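Tertiary structure, described
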Amino acid sequence: MTNSFQDIVAWKKAHEFVLMVYRVTRGFPDFEKYGLCSQFQRAAVSIPANIAEGYRKLGRTDKLRFFNIAQGSLEECRYYVILSKDLGYINEEEYSMMGLSIEDASRMLNAYCKGMIDKDYSTEL
């Protein structure tokens with residue numbers, strides 16, 4: 001049982017990814033400040049933010065809706081990692097590290113969602 005959204009492994013992995021995104025996007029060209037940097041950062045922040053918001057929802061449907069939004073943002077970020085590499089804004093090492101980080105977050109979030117689906121809510125009000 002968790003006491004806070006901060007206890008959720010998926011949230012921890014997503015938060016680590018956000019910190020990585022902010023570190024990496026500092027090195028992007030200045031003209032991307034209001035373009036790719038902003039989009040990438042917002043999408044990344046959306047992942048743990050929606051996990052946190054969904055954590056406090058009472059019903060399974062509500063919880064899963066927020067976790068699904070987090071999954072969508074995660075996939076958006078997966079694309080931004082590819083785009084950043086293809087534009088030459090990140091090197092191979094950063095690309096690999098970000099790929100591993102987002103994959104960890106994805107795997108944990110998918111497992112958490114599966115646990116929500118499999119959980120028996122029939123005893124809850």
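Below: a short report on this structure. Fair warning: this is a prediction, and the values are worked out from it, not measured in the lab. (Residues numbered from 1 in each chain as written. Predicted model: local features only at pLDDT ≥ 70, side-chain atom pairs only at ≥ 80, totals over all residues. Heavy atoms only, no water.)

It is worth spelling out helix α3 (residues 60-86) at this point. If you check α3, its first and last C-alpha atoms are 39 Å apart, about what 27 residues at 1.5 Å a residue would give, namely 39 Å. Turning to α3, its buried residues number three or more, namely Lys63, Phe66, Phe67, Ala70, Gln71, Ser73, Leu74, Cys77, Tyr80, Val81 and Ser84. Downstream of α3 by a residue or two, Gly88 has a phi angle that is positive, lying close to 80 degrees. (Helix = DSSP H or I, 4+ residues; strand = E, 2+ residues; numbered from the N terminus. Expected span 1.5 Å × (residues − 1). Buried < 20%, exposed > 50% of the residue type's maximum accessible area, 1.4 Å probe, protein only.)

Turning to the packing of aromatic side chains, a few remarks are in order. This structure, assessed with the given rule, holds 6 aromatic pairs. Centre to centre, the rings of Phe40 and Tyr80 are 5.6 Å apart; their planes meet at 55 degrees, and the pair counts as tilted. Note that Phe40 is positioned in helix α2 (residues 36-55) and Tyr80 in helix α3, a separation of 40 residues in sequence. The pair formed by Phe40 and Tyr80 is uniform in burial state, with each residue classed as buried. Plain terms: the ring middles of Phe67 and Tyr112 are 5.2 Å apart, the flat faces sit at 70 degrees to each other, and that makes the pair edge-to-face. Highlighted residues: Phe67 in helix α3 and Tyr112 in helix α4 (residues 92-118), separated in sequence by 45 residues. Taking relative accessible area as the criterion, Phe67 reaches 0% and is therefore assigned buried. An aromatic cluster is defined as three or more aromatic residues linked by ring pairs; in this entry it consists of Phe17, Phe40, Tyr79 and Tyr80. Seen from the ring of Tyr55, Lys63 lies directly overhead, with NZ or CZ sitting 5.7 Å from the centre. Across the ring face of Tyr95, the terminal group of Lys85 is positioned such that the distance to the ring centre comes to 5.2 Å. (Phe/Tyr/Trp six-rings, centres within 6.5 Å; stacked < 30°, edge-to-face > 60°. Lys NZ or Arg CZ within 6 Å of the ring centre and 35° of its normal.)

What follows is about the pattern of salt bridges. Working definition: two side chains of opposite charge can pair if their charged atoms are close together. All told, the structure shown has 9 salt bridges when counted by the stated rule. One salt bridge connects Lys13 with Asp104, and the closest N-O pair in it is separated by 4.0 Å. Of this pair, Lys13 sits in helix α1 (residues 9-25) while Asp104 sits in helix α4; the two residues are 91 residues apart in sequence, bridging distant segments of the chain. For Lys13, a relative accessible area of 25% puts it in the partly exposed group. For Asp104, a relative accessible area of 26% puts it in the partly exposed group. Between Asp118 and Lys114 there is a salt bridge, and its shortest N-O distance comes to 2.7 Å. Taken as a pair, Asp118 and Lys114 lie in helix α4 at a separation of 4 residues, close to a single helical turn. Each member of the pair, Asp118 as well as Lys114, is classed as exposed. One continuous salt-bridge network, built from bridges that share partners, spans Lys13, Glu75, Arg78, Glu103, Asp104 and Arg107. (Salt bridge = Lys/Arg side-chain N within 4 Å of Asp/Glu carboxyl O.)

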